[in-house]
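Spelled out from the first residue to the last, the chains are:
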Amino acid sequence: MISRLLLDWYDANARRLPWRAAPGSNAADPYRVWLSEIMLQQTQVATVIPYFEKFTTRWPTFEAFAAAADADVMTAWAGLGYYARARNLLACAREVTRLGRMPDTEEGLRALPGVGAYTAAAIAAIAFGRRAVVVDANVERVVSRLFAIETPLPASRPQIRAHTDAITPDTRAGDFAQAMMDLGSGICTARAPRCLLCPLRDQCDGFRTGTPELFPYKAKKAPKPQRYGTMFWAERDGHVLLVRRPAKGLLGGMRALPTGPWEAVAPGLEGAPVAADWRLHDHTVAHGFTHFDLQVALAAATIGPHEVLEGEWWPVADLASAGLPTVFAKAANRFGSMRCAS
DNA sequence: AAGCCGGGGAG
DNA sequence: CTCCCAGGCTT
């Protein structure tokens, strides 16, 4: 009943998205579905679309992507966040190349790098037409409201999964999953759900409570700690020194400005890439990460022509092409405006 | 089970 | 400003 109502609504109201086939069609390209699903992990559709277009234009097929250079992929991914996804993307493409084709079962997909329970179910259903129980944040919210689940997340996940399984149809499971996502994105929204437009309103226990926006209940989260750091602008002859961050950990594998430690107290000039006449500026740059807030001071110096340093000397005028994560791009822009002002 | 891992959109 | 988002990996 619920799936019928939802699929009818989807056939008339599906969003047109670059990685989607027409509703009811089985023409979805597994490469494009896989790439979109990885990009969409914890990332909104509007943010993903330009990256998806850029990637599929440059690497139109699985074979083309598997042959890409690591540095090119990391640079193209810059700004999208969660950089382990980009590293896993390449590892996954190379694993699939070794296998000869992409697995078409949940179990086979689940074994690939960067593919967890959600993504395996989504690809199996959307790209390969299999029945799979697809549970993402949209489904968690929609199902929590449909059944007025009072257990707070994440403890309610087993109930949510069981309910989702019970309403997932045997055919068109991929369209059903995407319909749940469209419903969660446009109607059953986190803040102010548009229940008057909802095709499932008459089936919804949460609507009957009168306060569907209270679902899903969630455990409170701890406040984020504040950290302080310093970034170093080492300039020589119109070029600035960039380094490659360690492969694992925060912003792993990405090109970056040299930086000292990020700690609870301002580290000053600790961790400078070279001894020099560093000028510590008054201006700071603020940036929020998932589990801490950062405030970085900016230190600048001119480096002599014979000093040999680890890293790349990048043309200051071409910094936009360096593929810097956002926190470094912010700082670089700040340095740029200070240079113009002086 | 809990912590780590980005960034931007929306209210 | 706060909350949230087509989650996965590690410990």
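Residues numbered from 1 in each chain as written. Chains lettered and ligands numbered in written order. Predicted model: local features only at pLDDT ≥ 70, side-chain atom pairs only at ≥ 80, totals over all residues. Heavy atoms only, no water.

Quick reminder of the rule: UniProt positions are given in the numbering used here, feature names are shortened, and annotations may be inferred rather than shown by experiment.
As recorded in an unreviewed UniProt entry, chain A goes by the name Adenine DNA glycosylase, listed as coming from Sphingomonas xinjiangensis. According to UniProt, the comment filed for chain A under the heading Sequence similarities (unreviewed entry) is "Belongs to the Nth/MutY family."

**Thoughts on the packing of aromatic side chains**
Our working definition: Between the rings of Phe, Tyr and Trp (Trp by its six-membered ring), a pair exists once the centres lie within 6.5 Å; its type follows the angle of the planes, with under 30 degrees stacked, over 60 edge-to-face, and the other angles tilted. Put simply, DSSP marks the helices as runs of H or I at least four residues long and the strands as runs of E at least two long, and each gets a number from the N terminus on. Only protein chains enter the accessibility calculation, which uses a 1.4 Å probe. A residue is then buried if its area is under 20% of the maximum for its type, exposed if over 50%, and partly exposed in between. Any Lys NZ or Arg CZ that is within 6 Å of a ring centre and within 35 degrees of that ring's normal is treated as a charge sitting over the ring.
One pass over the full model with this rule turns up 15 aromatic pairs. An angle of 85 degrees between the planes, with centres 5.9 Å apart, marks the rings of Phe55 and Trp77 as edge-to-face. Here Trp77 lies in helix α5 (residues 70-77) and Phe55 lies in helix α3 (residues 45-58), a separation of 22 residues in the sequence. No difference in accessibility class separates Phe55 from Trp77, as the two residues are buried. Linked through ring pairs, Tyr31, Trp34, Phe55, Trp59, Phe62, Phe65 and Trp77 together constitute an aromatic cluster. A cation over a ring is seen here: Arg227 above Phe292, with NZ or CZ 4.1 Å from the ring centre. The residue whose ring lies beneath Arg245 is Trp262, and the NZ or CZ to ring-centre distance is 5.5 Å.

**Digging into the protein's contact with DNA strand B**
The test is simple: In this text, near means that some heavy atom of the residue lies within 4 Å of the molecule or strand in question. Counting of polar contacts relies on pairs of N or O atoms within 3.5 Å, with two restrictions inside protein: one atom must be capable of donating a hydrogen and the other of accepting it, and residues adjacent in sequence are counted only when both atoms are side-chain atoms. Charged means Asp, Glu, Lys or Arg here, nonpolar means Ala, Val, Leu, Ile, Met, Phe, Trp, Tyr, Cys or Pro, and polar covers whatever is left, Gly included.
As a matter of local geometry, DNA strand B sits amid 20 residues, with Tyr83, Leu251, Thr290, His291 and Thr326 nearest to it. Counted by atom, the contact set of DNA strand B within 4 Å of the protein is 63% sugar and phosphate. At a separation of 2.7 Å, a base nitrogen of DNA strand B approaches a polar side-chain atom of Thr290. Measuring from a phosphate oxygen of DNA strand B, one finds a side-chain N or O atom of His291 at 2.7 Å. Of the residues in the surface near DNA strand B, the class split is eight nonpolar, ten polar and two charged.

**A closer look at the protein's contact with DNA strand C**
As a structural note, the neighbourhood of DNA strand C is formed by 25 residues, with Leu40, Thr119, Asp136, Asn138 and Arg141 the closest of them. When atoms of DNA strand C within 4 Å of the protein are split into backbone and base, the sugar-phosphate part holds 64%. One of the side-chain nitrogen or oxygen atoms of Asp136 is found 2.8 Å away from a sugar or linking oxygen of DNA strand C. Taken together, the residues that form the surface near DNA strand C break down as nine nonpolar, seven polar and nine charged.

**Comments concerning the UniProt feature "domain: HhH-GPD" (unreviewed entry) in chain A**
UniProt tags residues 39-186 as "domain: HhH-GPD" (unreviewed entry). The distance separating the terminal C-alpha atoms of residues 39-186 is 20 Å; by composition the span is 64% helix and 0% strand.

**Points about the domain arrangement of chain A**
Threshold: Source of the domain bounds: an automatic or database domain assignment. Values labelled buried area give the accessible surface lost by two parts on being combined, using a 1.4 Å probe and summing over both.
Domain annotation of chain A identifies domain 1 (2-214) and domain 2 (226-341). Relative placement of domain 1 and domain 2: their C-alpha centres are 36 Å apart. Between domain 1 and domain 2 lies a buried interface of about 730 Å² when both sides are counted; carbon and sulfur atoms form 56% of it. For the domain 1 face of the interface with domain 2, the top three residues by lost area are Thr75, Tyr83 and Arg87, together amounting to 55%.

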